[in-house]
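Report on the structure
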Amino acid sequence: MEFVFKKKYGQNFLTNQTIINKIVQSIEPTNKDLIIEIGPGAGALSKRLKQYGTHLICYEIDQETRLYLDELEDEHTHIIYDDFLKRDIMSDIRAYDCNRIFVIGNLPYYITTPIISKIITDKIPIYEAVFMVQKEVAERFVAKPNHREYGAITVFLNAYFHVSKLFDVSKNYFIPKPKVESAVVKFTAKTEKAEIDYSKFSKIVKDSFQFKRKTLKNNLKQYDTEKIEEILKKNGYSLDHRAEEIPFSVFIEIASKF
Ligand code: SAM
């Protein structure tokens, strides 16, 4: 049987061994840790990840990849054919007694943000994540205030993780060749987590950035702006600033007061 690539699942498989090794070597698990891979595909990363000797759980939506993945399964490597976004990941993890959790994946680009949101909202206690994403998305993740790419997703991510871009990956290193360039990013969980309610935080950040060219005064009309203004002033800002000018730490402070 020949494997047919499915565009609807974002199937662009990595072919370059140097890149595969660089991604796998960007984490340093010990054999007491757990690795979760999202979207193993034909197993390019999984084969190398197995060498760490940890438990490895791979979530793959496409049953036809059994063609490649069946041979990887053993007492340490567990392939789960399911949609990562719908799966109860926490109950899978509970089956293993592990130290730290690493998540890795050459992600299906059409669901990059839902995957990251799920990790945050399901409170999966990850230590570190390394993801291949679209290059423009990577730029957004690491953008600083006043930069064109700084947006709601930058603020969310930086509240939970230290985010860094590791390296770019040319589209020539995939089969089939995607239309866009890629980059590998690393998220390391912050040890001191802000005490914020995710849904409130997410709403106020989204509302703040709703109309990028508008000021906070305009975007946040429905909120108690007096309280917000107080926090902004304390940090040297005002409601006349736009969301893209406000550092993520100030958004966290605002969200923690609602
Ligand atoms: N890891 C392989 C590699 O680097 O060559 C494949 C990466 S490919 C970009 C993305 C993989 O994610 C595909 O195998 C696809 O079938 C799988 N996938 C897509 N949506 C998924 C989902 N919701 N849950 C789990 N896997 C998914």
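Scroll up a little and you will see the structure.
Residues numbered from 1 in each chain as written. Predicted model: local features only at pLDDT ≥ 70, side-chain atom pairs only at ≥ 80, totals over all residues. Heavy atoms only, no water.

Considerations on the overall build of the protein chain
Looking only at helices and strands, one finds 11 helices and nine strands in the protein chain. By the compact-globule yardstick of 18 Å for 258 residues, the protein chain fits well, its C-alpha radius of gyration being 20 Å. By principal-axis analysis of the C-alpha atoms, the protein chain measures approximately 65 × 40 × 30 Å. Counting over 258 residues, the protein chain shows a buried share of 50%. Considering only contacts within the protein chain whose residues lie at least 6 apart along the sequence, 64% involve residues at least 24 apart. As presented, the protein chain carries roughly 13100 Å² of accessible surface, and 48% of it is formed by carbon and sulfur atoms. Taking the average location of the 39 positive side-chain charges in the protein chain and that of its 36 negative ones, the two points are 5 Å from each other. (Helix = DSSP H or I, 4+ residues; strand = E, 2+ residues; numbered from the N terminus. Rg over C-alpha atoms; globule rule 2.2 N^0.38 Å. Buried < 20%, exposed > 50% of the residue type's maximum accessible area, 1.4 Å probe, protein only. Contact = heavy atoms within 4.5 Å. Areas by Shrake-Rupley, 256 points an atom, 1.4 Å probe, with all protein chains shown as cover. Lys, Arg positive; Asp, Glu negative; His and termini not counted. Charge placed at Lys NZ, Arg CZ, Asp CG, Glu CD.)

Digging into the site of the ligand
Neighbouring residues of the ligand: 23 residues in total, closest Leu14, Gly39, Glu60, Asp83 and Asn106. Separating a nitrogen atom of the ligand from a backbone N or O atom of Gly39 is a distance of 2.8 Å. In the model, a nitrogen atom of the ligand is placed 3.3 Å from a nitrogen or oxygen of the Pro40 main chain. Relative to its unbound accessible area of 600 Å², the ligand is 99% covered by the protein chains. Comparing atom positions with the cavity grids shows the ligand to sit within the largest pocket. Taken together, the residues of the shell around the ligand sort by class into 12 nonpolar, six polar and five charged. (Near = heavy atom within 4 Å. Polar contact = N/O pair within 3.5 Å; in protein donor to acceptor, adjacent residues only side chain to side chain. 1 Å grid on protein atoms, 1.4 Å probe; cavity = no way out; pocket = protein on both sides within 12 Å on 5 of 7 lines; lining within 4 Å. Sits in = over half its atoms within 2 Å of the grid points. Nonpolar A, V, L, I, M, F, W, Y, C, P; charged D, E, K, R; others polar.)

Re helix α5 (residues 112-121)
For α5, the full list of buried residues reads Thr112, Ile115, Ile116, Lys118, Ile119 and Ile120. Once α5 ends, the next one or two residues include Lys123, with phi positive near 55°.

Section: the nonpolar core
Counting residues in each nonpolar core, the largest one holds 61 residues, and the members touching the most others are Phe131, Phe141, Phe187 and Phe201. Here the element with the most residues in this core is helix α7 (residues 152-160); it accounts for seven residues. Residue assignment places this core across two domains, with domain 1 (7-189) and domain 2 (198-255) each supplying three or more. Excluding its chain neighbours within four sequence positions, the residues that come into contact with Phe141 are Thr112, Ile116, Val133, Ile153, Thr154, Leu157, Asn158, Val163, Val185 and Phe187. Listed in part, the 23 residues of the second largest apolar core include Val24, Ile27, Ile104 and Val130. (Core = buried A, V, L, I, M, F, W, Y, C linked by side-chain atoms within 4.5 Å. Domains from an automatic or database assignment.)

Let's talk about the environment of Phe3
If you trace the backbone, Phe3 turns up in the segment before β1 (13-14). Expressed as a C-alpha distance, the spacing of Phe3 and Ser91, which sit 88 residues apart in the sequence, is 31 Å. Apart from the residues lying within four places of it in its own chain, the contact partners of Phe3 are Gln11, Phe13, Asp62, Glu64, Thr65, Leu67 and Tyr68.

Considerations on the layout of surface pockets
In this approach a probe as big as a water molecule rolls over the atoms, and the regions it shows empty are the leftover space. By volume, the largest pocket is sized at about 830 Å³. Taken together, 43 residues form the lining of the largest pocket, with Tyr9, Gly10, Gln11, Asn12 and Phe13 sitting closest to its centre. Elements with a minimum of two residues in the lining of the largest pocket: β1, α1 (17-24), β2 (34-38), α2 (44-49), β3 (55-60) and β8 (174-175). Top element by residues in the lining of the largest pocket is α2. It accounts for four residues. Looking at the lining of the largest pocket, its residues break down into 25 nonpolar, nine polar and nine charged. In terms of residue count, α5 provides more of the lining of the second largest pocket than any other element does, three residues in total. Of the residues contributing to the lining of the second largest pocket, the split by class is 11 nonpolar, one polar and two charged. (Points joined across faces, edges and corners; volume = space filled by probe spheres on them.)

Notes on unusual backbone geometry
Here Ile175 and Pro176 are connected by a cis peptide whose omega angle stands at -15°. In this fold, Pro176 is placed in the loop between β8 and β9 (182-189). The phi torsion at Lys123 lies on the positive side, around 55°, for a residue other than glycine. Looking at where Lys123 falls in the secondary structure, it is placed in the loop between α5 and β6 (128-134). In this structure Lys123 comes out as exposed when scored by relative accessible area, which is 67%. The phi dihedral of Asn146 falls on the positive side, at around 75°, and the residue is not glycine. Mapped onto the fold, Asn146 is located in the loop between α6 (135-142) and α7.

Brief notes about the side chain of Gln11
One can find Gln11 in the segment before β1. Side-chain polar atoms of Gln11 contact the backbone nitrogen of Lys6, separated by 2.6 Å. With sequence-adjacent residues up to four places away left out, Gln11 is seen in contact with Phe3, Val4, Phe5, Lys6, Glu60, Asp62, Thr65, Ile175 and Pro176.

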